[in-house]
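# Topology and contacts: notes
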Amino acid sequence: MNPLEFELVIINLLRNAAQALQELGVSNPKVDLTIRRSDNSAMITIEDNGHIEKETIAKLSEPTNSTKADGLGLGLQIVRSIIENHGGKISFSQATSGGLRVEIRLPVQEETK
């Protein structure tokens, strides 16, 4: 994966989480980023401690749908396109804290020397 594309994905998701926590007025906002390897995949998880309804989570996968008042809904579509163009998958679910959990699974390519 192109490092700039990977950076765009992570920055977009972290920015979305931070903005959501600010809009919700969460008193102790927290965003966790976890990266680990699982078999032949890299697993990246971003989780916040906000509050999101399950119906809203389902809408996050729809093109040009935004939960932001001034959003176009293109950010997550661009993120999804980058991930899928590299053979990966992205999924959204409710975190145990009630906030949003974003999980990215990307295939690991072993470097040959």
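Computed from a predicted structure; not experimentally measured.

Another aspect to go through is the overall build of the protein. Per the secondary structure count, the protein includes 3 helices and 4 strands. Starting at the N terminus, the α and β elements of the protein follow one another as α-β-β-α-α-β-β. Taking all 113 residues of the protein together, 29% fall into the buried category. In the protein, once contacts between residues fewer than 6 apart in sequence are set aside, the share between residues at least 24 apart is 55%. Total accessible area on the protein is roughly 7,500 Å²; 49% of this is exposed by carbon and sulfur atoms.

Now for the pattern of salt bridges. Tallying each qualifying case throughout the model produces 4 salt bridges. Note that D32 and K30 form a salt bridge whose closest N and O atoms lie 3.8 Å from each other. A relative accessible area of 35% means that D32 is categorised as partly exposed. A relative accessible area of 47% means that K30 is categorised as partly exposed. In this structure, E103 engages R101 in a salt bridge whose closest nitrogen and oxygen atoms are separated by 2.9 Å. Exposure remark for R101: the relative accessible area of 26% places this residue in the partly exposed category. Overlapping salt bridges, with partners in common, bring together E47, R101 and E103 in one network.

Rules used in this analysis
- Residues numbered from 1 in each chain as written.
- Predicted model: local features only at pLDDT ≥ 70, side-chain atom pairs only at ≥ 80, totals over all residues.
- Heavy atoms only, no water.
- Helix = DSSP H or I, 4+ residues; strand = E, 2+ residues; numbered from the N terminus.
- Buried < 20%, exposed > 50% of the residue type's maximum accessible area, 1.4 Å probe, protein only.
- Contact = heavy atoms within 4.5 Å.
- Areas by Shrake-Rupley, 256 points an atom, 1.4 Å probe, with all protein chains shown as cover.
- Salt bridge = Lys/Arg side-chain N within 4 Å of Asp/Glu carboxyl O.

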